Amino acid sequence: MASPKNHRSGFAALIGRPNVGKSTLLNALTGEKIAIVSGKPQTTRNRILGVVTRPEGQVAFIDTPGIHQAKGELNRYMVETALQAAEEVDLVLFLIEPPAGEKFEVSPGNRTILERLQKLRKPTFLVINKIDSLPKAALLPLIDLYRTEFPFAEVVPISAREKDGVDRLFQAVLGHLPEGERIFDEDMLTDQQERTLVGEYIREQVLRHCRQEIPYSTAVLVDIFDESEREPRPGTPPGQLGGLIRIAASIYVERDSQKAIIIGKQGQMLKTIGTDARKSVQRLLGAHVYLDLRVRVEPRWSERPEGLKKLGYD
């Protein structure tokens, strides 16, 4: 796998508290939606690889679950997934967002993460996200505050949502990686299989449309992914959807009452989730999609190791 002279490559992990914008940043870096996004905590449950390849270098970014006080098997699984990713990469990107109040302080949650990162002794960037919501005069005091807590290799303010500073962040990451050939093929974008992304797109719509505890008790498995009719018919104009993919998926919850909420009155909620998910999946796959959703109950799946394994959190 030949690469130009002075070419750099390596791995960088996105680490931080829930809802600081790690998945939004991964999507901004890759230019594609490979991680689902919502305003609810613990949206990301697994590590997600996004590869950015340019002539000067290749960076494999790893999106991770938000690090939080873990209660229950699923939460412990997510936190361990994030911390393990930090151990395996060349560089750590520690994401924070501007504090909510007027008083600047390092929150207990962020301080706990920094204590774990101290033990790793890896080059670490402080990435201050959502700077579009931060007064310019407050940026330097926030940087100074965190620099007293940790010897960051770089500090990069960004707005992942607005894609402000994202390219600058990529170049800074590249500058801290070793010289070497590409790790992945030039056209590789992610390690997520299509059926895995489909399951996540469906779960994203559950997060979007359902409230209270429902999203946190939900998992999605794709049972059938039939591509036998995927090839577009002759004469289909370029850029238009062609062919048909038949997908059947199961939305798992922990209680019958949760099942009733997701199905909704006369099946309306499930229909809404399916309609919006199908639109996203069709854009992903570039084909017409027939999507059949069922809701199933797996009691206390998020609290049992065997439940986690059955639903793909192994």
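Here's what I pulled together on the structure shown here. Just so it is clear, the structure is predicted and the values come from calculations on it, not from any experiment.

**Here's the deal with the overall build of the protein chain**
Then step 1. Along the backbone of the protein chain there are 9 helices and 9 strands.
Then step 2. Against the compact-globule benchmark of 20 Å for 314 residues, the protein chain has a radius of gyration of 21 Å, which places it among compact chains.
Then step 3. With respect to the principal axes defined by its C-alpha atoms, the protein chain has extents near 55 × 50 × 40 Å.
Then step 4. The burial tally for the protein chain puts 49% of its 314 residues in the buried class.
Then step 5. Summarising the internal contacts of the protein chain: among those between residues at least 6 apart in sequence, 75% fall at separations of at least 24.
Then step 6. Approximately 15800 Å² of the protein chain is accessible, and the part contributed by carbon and sulfur atoms is 47%.
Then step 7. For the protein chain, the centre of its 44 positive side-chain charges and the centre of its 42 negative side-chain charges are spaced 5 Å apart.

**With respect to unusual backbone geometry**
Then step 1. The phi dihedral of Asn19 falls on the positive side, at around 70 degrees, and the residue is not glycine.
Then step 2. Positionally, Asn19 belongs in the loop between β1 (8-16) and α1 (22-30).
Then step 3. For Gln266, which is not glycine, the phi dihedral falls at a positive 55 degrees.
Then step 4. If you trace the backbone, Gln266 turns up in the loop between α7 (256-263) and α8 (268-285).
Then step 5. Judged by relative accessible area, which is 80%, Gln266 ranks as exposed.

**A look at the pattern of salt bridges**
Then step 1. Counted by the stated rule, this structure contains 18 salt bridges.
Then step 2. Across the pair Glu200 and Arg203 runs a salt bridge whose closest N-O atoms are separated by 3.0 Å. One end of the pair, Glu200, and the other, Arg203, are both in helix α6 (residues 194-209), 3 residues apart, so they sit about a helical turn from each other.
Then step 3. The exposure class assigned to Arg203 is buried, which follows from its relative accessible area of 2%.
Then step 4. Between Asp276 and Arg208 there is a salt bridge, with the nearest N and O atoms lying 3.2 Å from each other.

**Quick look at the side chain of Glu298**
Then step 1. Within the element layout of this structure, Glu298 appears in the loop between β9 (288-297) and α9 (305-310).
Then step 2. Within the structure, the side chain of Glu298 is placed 2.9 Å from the side chain of Arg304, a separation counted as a polar contact.

**Let's talk about helix α2 (residues 73-88)**
Then step 1. Taking 1.5 Å of rise per residue, 16 residues should cover 22 Å, and α2 covers 23 Å from first to last C-alpha, within 8% of that figure.
Then step 2. Tucked inside the fold, the buried residues of α2 contact β1, β3 (57-63), β4 (91-96), α3 (108-120) and α9.

**Some details on the packing of α1 against helix α5 (residues 166-175)**
Then step 1. Relative orientation of the contacting elements α1 and α5 amounts to 85 degrees, with a least axis distance of 10 Å. It follows from the interaxial angle that α1 and α5 lie roughly perpendicular. Note on element contacts: α5 touches α1 through Val166, Leu169 and Phe170, opposite Leu25, Ala28 and Leu29.
Then step 2. Here the contact of α1 with α5 is built from residues that sort into 6 nonpolar, no polar and no charged.

**Considerations on the environment of Glu204**
Then step 1. Note on placement: Glu204 falls in helix α6.
Then step 2. Since its relative accessible area comes to 8%, Glu204 is described here as buried.
Then step 3. Each C-alpha atom, one on Glu204 and one on Ile36, is 6.1 Å from the other, the two residues being 168 residues apart in sequence.
Then step 4. Every residue in contact with Glu204, bar those within four places of it in the chain, is listed here: Lys33, Ile36 and Val37.
Then step 5. Among the polar contacts made by the side chain of Glu204, one reaches the main-chain amide nitrogen of Val37 at a distance of 3.2 Å.

**Some remarks on the nonpolar core**
Then step 1. Core analysis: the biggest nonpolar cluster contains 32 residues, and Phe94, Leu114, Leu126, Ile128, Tyr146 and Phe152 have the highest contact counts within it.
Then step 2. Where this core is concerned, the elements lending two or more residues are β1, β2 (48-54), β3, α2, β4, α3, β5 (124-128) and α4 (136-147).
Then step 3. Per-element tally for this core: the top contributor is α2, with 5 residues.
Then step 4. Each residue touching Tyr146, except ones within four places of it in the same chain, is listed here: Phe94, Ile96, Val106, Ser107, Asn110, Leu114, Leu126 and Phe152.
Then step 5. Counting residues in hydrophobic clusters, the runner-up holds 28 residues, among them Ile48, Leu91, Leu93 and Leu95.

Cut-off values and rules
Residues numbered from 1 in each chain as written. Predicted model: local features only at pLDDT ≥ 70, side-chain atom pairs only at ≥ 80, totals over all residues. Heavy atoms only, no water. Helix = DSSP H or I, 4+ residues; strand = E, 2+ residues; numbered from the N terminus. Rg over C-alpha atoms; globule rule 2.2 N^0.38 Å. Buried < 20%, exposed > 50% of the residue type's maximum accessible area, 1.4 Å probe, protein only. Contact = heavy atoms within 4.5 Å. Areas by Shrake-Rupley, 256 points an atom, 1.4 Å probe, with all protein chains shown as cover. Lys, Arg positive; Asp, Glu negative; His and termini not counted. Charge placed at Lys NZ, Arg CZ, Asp CG, Glu CD. Salt bridge = Lys/Arg side-chain N within 4 Å of Asp/Glu carboxyl O. Polar contact = N/O pair within 3.5 Å; in protein donor to acceptor, adjacent residues only side chain to side chain. Expected span 1.5 Å × (residues − 1). Axes fitted to C-alpha atoms, helices over the stretch in contact; angles between N-to-C directions. Parallel < 35°, antiparallel > 145°, perpendicular 65-115°, else oblique. Nonpolar A, V, L, I, M, F, W, Y, C, P; charged D, E, K, R; others polar. Core = buried A, V, L, I, M, F, W, Y, C linked by side-chain atoms within 4.5 Å.

Everything listed here is a matter of geometry and, on its own, says nothing about what the molecule does.
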